[in-house]
Amino acid sequence: MTSTTVHRVLPAALAALLAAAACAAPAGTTAASPAAAQAPVSASATTAAAPLSIADPWVKTARSGMSAAFGTLVNTTREAVTVVGVSTPVSPSVELHEVAGDAGATTMRRKQGGFVIPAGGRHVLQPGGDHIMLMDVRTAIEPGAEVPFTITLKDGRTVSFTAVAKDFAGANESYAPHE
């Protein structure tokens, strides 16, 4: 191909590509560069710097009364993180719980000091172990529902997550409210 041919073909090819890109953009939007299209979108600045994430979160279904939330707390920092509280719109009272037992009997009770997740570590919340306890559930938690939670850390930061509701018949320990 001669340089004259390249000078004639190149502008026509570029014009065709730009026209195709403009047609491909949805109505009311403008075509963006490939780099801009691949840039990650953050839901919030807090999410981007979250010191904690929650893997596989789920919550036990309940019409009323008590329920519990589970998953794995993952510390994304180089220092220990302590969870001191949790809230959710489906319950006016949420507590951090542990299950303690001896001689075959188990009892749920508040976890004194909260859940401490070591630097870069994990803390499993599971039936029969540490968990997030929802007291006095006032909004039914139906199977498949997505329930929002907000975790409060010892330093005042918060981390939000959503747990999917699942039926679960186990973990029917007794509750010792004053321990």
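Please read these numbers as outputs of a predicted model, since none were measured by experiment.

**Let's talk about the overall build of the protein chain**
- Regarding its fold elements, the protein chain presents 3 helices and 11 strands.
- What you see in the protein chain, going N to C, is helices and strands ordered as α-α-α-β-β-β-β-β-β-β-β-β-β-β.
- Put simply, the protein chain has 179 residues, and 34% of those count as buried.
- Here the analysis covers contacts within the protein chain between residues at least 6 apart in sequence; of these, 66% occur between residues at least 24 apart.
- Accessible surface, the protein chain: about 10,800 Å² in total, of which carbon and sulfur atoms supply 57%.

**Concerning the packing of aromatic side chains**
- According to the stated counting rule, one finds 3 aromatic pairs in the structure shown.
- Plain terms: the ring middles of Trp58 and Phe168 are 5.6 Å apart, the flat faces sit at 70° to each other, and that makes the pair edge-to-face. Separated by 110 residues along the polypeptide, Trp58 in strand β1 (residues 52–60) and Phe168 in the loop between β10 (158–166) and β11 (174–175) bring together distant segments of the chain.
- Three or more aromatic residues link up through ring pairs in this structure, and these residues are Trp58, Phe70 and Phe168.

**Focus on the nonpolar core**
- Membership of the largest hydrophobic core comes to 26 residues, with the highest contact counts inside it found for Val59, Leu73, Val83, Ile132, Leu134, Phe149 and Ile151.
- The next biggest cluster of nonpolar side chains, apart from the first, holds 7 residues, and it includes Trp58, Phe70, Met133 and Met135.

**Considerations on the side chain of Asp130**
- As for its position among the elements, Asp130 is in the loop between β7 (122–125) and β8 (131–137).
- Lys111 is the oppositely charged side chain nearest to the buried, salt-bridge-free Asp130, at an N-O distance of 4.2 Å.
- For Asp130, the side chain forms a polar contact with the side chain of His123, separated by 2.8 Å.

**As for the confidence of the model for the protein chain**
- Taken residue by residue, the protein chain gives an average pLDDT of 77. The fraction at 70 or more is 66%.
- Note that pLDDT drops below 50 for residues 3–48; the model gives that stretch 7 contacts with residues more than four away or on any other chain.
- Confidence drops under a pLDDT of 50 for residues 173–179, and excluding neighbours within four residues, the segment shows 18 contacts in the predicted structure.

**Topic: the pattern of salt bridges**
- Under the definition given, this model contains 6 salt bridges.
- Ionic pairing is found between Arg138 and Asp136, a salt bridge with its closest N-O pair at 2.9 Å.
- According to the relative accessible area criterion, Asp136 is partly exposed, its value standing at 40%.
- The salt bridge involving Arg157 is made with Asp155; its shortest N-O contact spans 2.7 Å.
- Three or more residues joined by partner-sharing salt bridges are found here, namely Glu98, Arg109 and Lys111.

**Here's the deal with the side chain of Asn75**
- In this fold, Asn75 is placed in strand β2 (residues 65–75).
- Here Thr77 takes part through its side chain, which lies 2.7 Å from a polar atom of the side chain of Asn75.
- One polar contact links the side chain of Asn75 to the main-chain carbonyl oxygen of Pro118, over a distance of 3.1 Å.
- In contact with Asn75, not counting residues within four places along its chain, are Pro51, Leu52, Ala80, Val81, Ile117, Pro118, Ala119, Gly120 and Gly121.

Here is what the cut-offs are and how they apply
- Residues numbered from 1 in each chain as written.
- Predicted model: local features only at pLDDT ≥ 70, side-chain atom pairs only at ≥ 80, totals over all residues.
- Heavy atoms only, no water.
- Helix = DSSP H or I, 4+ residues; strand = E, 2+ residues; numbered from the N terminus.
- Buried < 20%, exposed > 50% of the residue type's maximum accessible area, 1.4 Å probe, protein only.
- Contact = heavy atoms within 4.5 Å.
- Areas by Shrake-Rupley, 256 points an atom, 1.4 Å probe, with all protein chains shown as cover.
- Phe/Tyr/Trp six-rings, centres within 6.5 Å; stacked < 30°, edge-to-face > 60°.
- Core = buried A, V, L, I, M, F, W, Y, C linked by side-chain atoms within 4.5 Å.
- Lys, Arg positive; Asp, Glu negative; His and termini not counted.
- Salt bridge = Lys/Arg side-chain N within 4 Å of Asp/Glu carboxyl O.
- Polar contact = N/O pair within 3.5 Å; in protein donor to acceptor, adjacent residues only side chain to side chain.
- pLDDT = per-residue confidence, 0-100.

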